[in-house]
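Notes for the structure review
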Amino acid sequence: MSALLLAVVSAVVSAAPPNAPDTARIELGPAAPADVVVEDARGVVARARVGPQATAVVHVPPGDYVVRTGERREALHVEAGEVHGVELSGQLVSSSEPAGAEQPSARLPAVPAEASVVPSRPRAWRAPLMSTFVPGLGHAWAGKPLWGVGILAVMAGSVTGAVVMGRSIDRSDGATPSDAARSPGYARLAGFAALTSVASALYVGQIFDAHRVERGTVLRPVPGRVQLRFDRLTAVAMAPGRPRAALYDDLSLAAMVRLSPRVHVGASDASVKLGPEQTVLQLGVRAMAQLYGPLPQAPLRRVAVSVGGGVLGQATTRRGQRHALDPAAEPTASTQRDGTAVPYLLADARLFVAPRWSVGALGRLGVPLRPRRYRAGAALPAYGPTIELGVSLGVNL
Amino acid sequence: MRRWLFGLLLAGCSLGARAQGAFEVERDLSGVQALSVDLPSTPIAVRGCDRVVPESCPEALLVQGRWHATGGTPSEARRNATRPSVDFETFEGLMRMSATVPLEVEGLVDLELDGVGLPSDVDLEVRTSLGDVEVRAMTGSVLVDVEVGDVDIQGEMRSTGVHVDEGQVLVEGPGAMDIRVERGGVRAEHTAGADETTILAPGGDVELVLGDDADVDLRIESPGRIRVQTDAFSAATTGLYRARSGTGATRVEIRAGGDVSVRLSAL
């Protein structure tokens, strides 16, 4: 949820003047330090020095061009409104995506074209450090004061709301028989879960984003081969007694392997839950298909939307020791085991806040085949359809 | 708007059913001098009866209650409500009442006791995690241990011990008192004379009513206001107050985080 919020804020605030509709955009780098020359039939159109920290963006009229790096030459044909990314390792990628929102490093007149040079950028650490201590401060310092104020306001509101709602959850609720007649408090628990999720995802996301803003570079997501992610999925559901509602929180890790640009499969839902005398080991498998997101032909998309499904498994062990009233009798030890499987469908919307890092909003529908266990001995019953919402932090390796 | 709110609440939830399983148990208490009630979270109300009237006070333990349960379907919920049980164990005059919840339904069931009845001279020990505890008309010793919940004990107890993590405590009766409350206040009243009393309430106020203040060794520590008003003692102070009347044979110690008030019941 907060990731989407951040995406909306980002989209609104970062909107730069659009490119002229009669030009195409060629993006160069990042790569090992090199001088790059873009030529057309009449000669040099642009020169740029790129490096690991420096990219170049060149706007050119439609036509045929050659991108030259030393002895290496790449020919390409561009049409108006297209974006062509040139990875200087030799791979040439292109898309018909409309020329986008980023500010170009160099803008050339329609005719004739001229050269541009992109300076290398220093490492950015001040803004993320500031945002670590005061959310939004890094954005304000890096020249985005409205972003900073907006982030700080949303963070303050969500944290304040979460604290207020958290304090309103009465620990003694249910101690008195008449408490059963009181409101179960579904809305209060749901609000608490939503606000804590917003605050945590926004906090992490704005630190990464402060780094991007300070560097002033175009964010190009890196898909990687493996995606590691930390997920928090929460359901507010009925409890058997008093209080009549409870928060069911599931924190887990996943490692997803990218089989193709659109398909990820891997181990998921890994966690250990400790309760009174019991231990729950949880592990699952998951497959996700990307419906929208960064692809070789659209490398600059920052938002990824995926759907998929999986199965979550749990193995529960409860070890107890019962002391007889007879002091001479030995304590009786007992071990009980149980397990469950939860097939589920999952929807995932992610926002890349750094080339490899993303925050996401999740929704999951699952049906446990046996009681599904949470921490502190809480459980949801078998065959009860469960809708969970949550947030996620991921890194592509 | 209401439809939107309903949809918002439906997101992030689990669908299922509730059910109840009522039970009623009667256990012979012949030869039993002490009862230990050790149950998961539930309010507990215990009432003692006078053995002088056997018709209304059988030599038995009467327990009524119900198990609340959830399930993915109504039939599953009803089945879950029948899985746990209340068990009894006896050894040399001591009976223990406890609950057995199978792992398959742990977290899916919740106990609610309607009441426990037994002869008043049986010593009583009550332990639960979440729930108010009410004890009436007992004449033996009473010990209550609760994590969260209010405790209300009134009777002719021989002695009373209370330990509560969070809750309010009210004790009225004769006999020695040992009351410890982490977060909450205490009101204790000696209905006959004064007896050894220790009250520790670092997170609340304390009000102590003495039946008599003769031969009392009184020690009070509190950062709040200390107000003592009896025949033998009179003070309005803060911090530490210590005084003795007569032989000082009856030790009364109070340590509180809030205000402390000590007075005579006759006042």
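Residues numbered from 1 in each chain as written. Chains lettered and ligands numbered in written order. Predicted model: local features only at pLDDT ≥ 70, side-chain atom pairs only at ≥ 80, totals over all residues. Heavy atoms only, no water.

The next point concerns the overall build of chain B. In terms of helices and strands, chain B carries 2 helices and 21 strands. Expressed as a percentage of its 267 residues, the buried residues of chain B come to 51%. Partitioning the contacts of chain B with sequence separation of at least 6, the portion at a separation of at least 24 is 51%. Surface accessibility of chain B: about 11,700 Å² in total, with carbon and sulfur atoms responsible for 48%. (Helix = DSSP H or I, 4+ residues; strand = E, 2+ residues; numbered from the N terminus. Buried < 20%, exposed > 50% of the residue type's maximum accessible area, 1.4 Å probe, protein only. Contact = heavy atoms within 4.5 Å. Areas by Shrake-Rupley, 256 points an atom, 1.4 Å probe, with all protein chains shown as cover.)

Following the criterion strictly, the structure yields 44 salt bridges over all chains and no others. We note a salt bridge from Arg364(A) to Glu388(A), for which the minimum N-O separation is 3.0 Å. Here Glu388(A) lies in strand β19 (residues 386-396) and Arg364(A) lies in strand β16 (residues 357-366), a separation of 24 residues in the sequence. Comparing Arg364(A) with Glu388(A) shows no difference in burial state: the two are buried. Across the pair Glu207(B) and Arg187(B) runs a salt bridge whose closest N-O atoms are separated by 3.6 Å. (Salt bridge = Lys/Arg side-chain N within 4 Å of Asp/Glu carboxyl O.)

This part takes up the nonpolar core. Of all hydrophobic cores here, the largest spans 66 residues; its most connected members are Leu61(B), Met97(B) and Ile179(B). Taken domain by domain, this core gets at least three of its residues from each of domain 1 (15-42 + 49-127) and domain 2 (150-267) of chain B. The contact partners of Leu61(B), leaving out residues within four places of it in the chain, are Val25(B), Glu26(B), Arg27(B), Leu29(B), Leu35(B), Phe88(B), Met95(B), Met97(B), Val116(B), Gly117(B) and Leu118(B). The next biggest cluster of nonpolar side chains, apart from the first, holds 17 residues, and it includes Ala46(A), Ala48(A), Val50(A) and Val60(A). (Core = buried A, V, L, I, M, F, W, Y, C linked by side-chain atoms within 4.5 Å. Domains from an automatic or database assignment.)

What follows covers the state of the cysteines. All names here are of chain B. Under the counting rule described, the total for this entry stands at 1 disulfide over all chains. One disulfide bridge connects Cys-49 with Cys-57, the sulfur atoms lying 1.9 Å from each other. Because the torsion about its S-S bond is 65°, the bridge between Cys-49 and Cys-57 counts as right-handed. The same class applies to Cys-49 as to Cys-57, namely buried. (Disulfide = S-S within 2.5 Å.)

All right, on to the sheet that holds strand β5 (residues 63-69) of chain A then. Pairing between sheet strands relies on hydrogen bonds along the backbone, with the strands arranged either parallel or antiparallel. Residues and elements named next belong to chain A. Taken in spatial order, the 4 strands line up as β3-β2-β5-β6 in an open sheet, and their pairing is antiparallel. Here the strands that pair on one side only, and so sit at the sheet edges, are β3 (43-50) and β6 (72-78). With strand direction ignored, the average angle separating the axes of adjacent strands in the sheet is 20°. Bridging between strand β2 (residues 34-40) and β3 involves 7 bridges; their strand directions are antiparallel. Within β3, the position partnered with Val-36 by the bridge is Ala-48. (Pairing = 2+ DSSP bridges. Axes fitted to C-alpha atoms, helices over the stretch in contact; angles between N-to-C directions.)

Residue and element names in this part refer to chain B. With 4 of 5 residues buried, strand β15 (residues 186-190) is to be regarded as a mostly interior element. Pairing of strand β13 (residues 169-173) with β15 involves 5 bridges; the strand directions are parallel. Paired with Val-169 across the two strands is Val-186, which belongs to β15.

With that settled, consider the sheet that holds β16(A). Residue and element names in this part refer to chain A. With respect to topology, 8 strands assemble into a closed barrel ordered β10-β11-β12-β13-β14-β15-β16-β19, the strand pairing being antiparallel. Going across the sheet, the axis of each strand differs from the next one's by a mean of 25°, ignoring polarity. Examined bridge by bridge, strand β15 (residues 332-352) and β16 share 9 bridges and lie antiparallel to one another. Residue pairing for β16: Phe-352 is matched across the bridge by Ser-358. Together, β10 (226-238), β11 (245-260), β16 and β19 form the strand contacts of helix α5 (residues 186-215), whose direction differs from that of β10 by roughly 160°.

Let us look at the interface of chain B and chain A. Across the contact, 44 residues belong to chain B and 47 residues belong to chain A. Around 3,600 Å² of area is buried between chain B and chain A when both sides are counted, 54% of it from carbon and sulfur atoms. Counting every contact that joins chain B to chain A gives 1 salt bridge. A salt bridge links Arg318(A) to Glu106(B); the shortest N-O distance between them is 2.1 Å. Summed over the shared surface of chain B and chain A, the result is 10 residue pairs in polar contact (both at pLDDT 80 or more). Mapped by element, the contributors of at least two residues to the side of chain B that touches chain A are α1 (2-10), β1 (17-28), β4 (60-71), β5 (85-91), β6 (94-100) and β7 (109-119) of chain B. Grouping the constituent residues of the side of chain B that touches chain A by class yields 19 nonpolar, 14 polar and 11 charged. (Buried area = accessible area lost by both parts, 1.4 Å probe. Polar contact = N/O pair within 3.5 Å; in protein donor to acceptor, adjacent residues only side chain to side chain. Nonpolar A, V, L, I, M, F, W, Y, C, P; charged D, E, K, R; others polar.)

Moving on, we come to the packing of aromatic side chains. Residue and element names in this part refer to chain A. In total, this model carries 2 aromatic pairs over all chains according to the counting rule given. Judged by centre distance (4.9 Å) and plane angle (25°), the rings of Phe-208 and Trp-357 are stacked. One end of the pair, Phe-208, is in helix α5; the other, Trp-357, is in strand β16, and 149 residues separate them in sequence. Trp-357 gets classed as partly exposed once you look at its relative accessible area, which sits at 31%. A cation sits over an aromatic face here: Arg-364 above Tyr-344, 4.6 Å from the ring centre. (Phe/Tyr/Trp six-rings, centres within 6.5 Å; stacked < 30°, edge-to-face > 60°. Lys NZ or Arg CZ within 6 Å of the ring centre and 35° of its normal.)

So, about unusual backbone geometry. All names here are of chain B. Of note, the phi angle at Glu-92 is positive, near 45°, even though the residue is not glycine. With respect to the secondary-structure elements, Glu-92 resides in the loop between β5 and β6. The exposure class assigned to Glu-92 is exposed, which follows from its relative accessible area of 69%. Phi angles above zero are rare outside glycine, and Asp-215 is one such case at about 55°.

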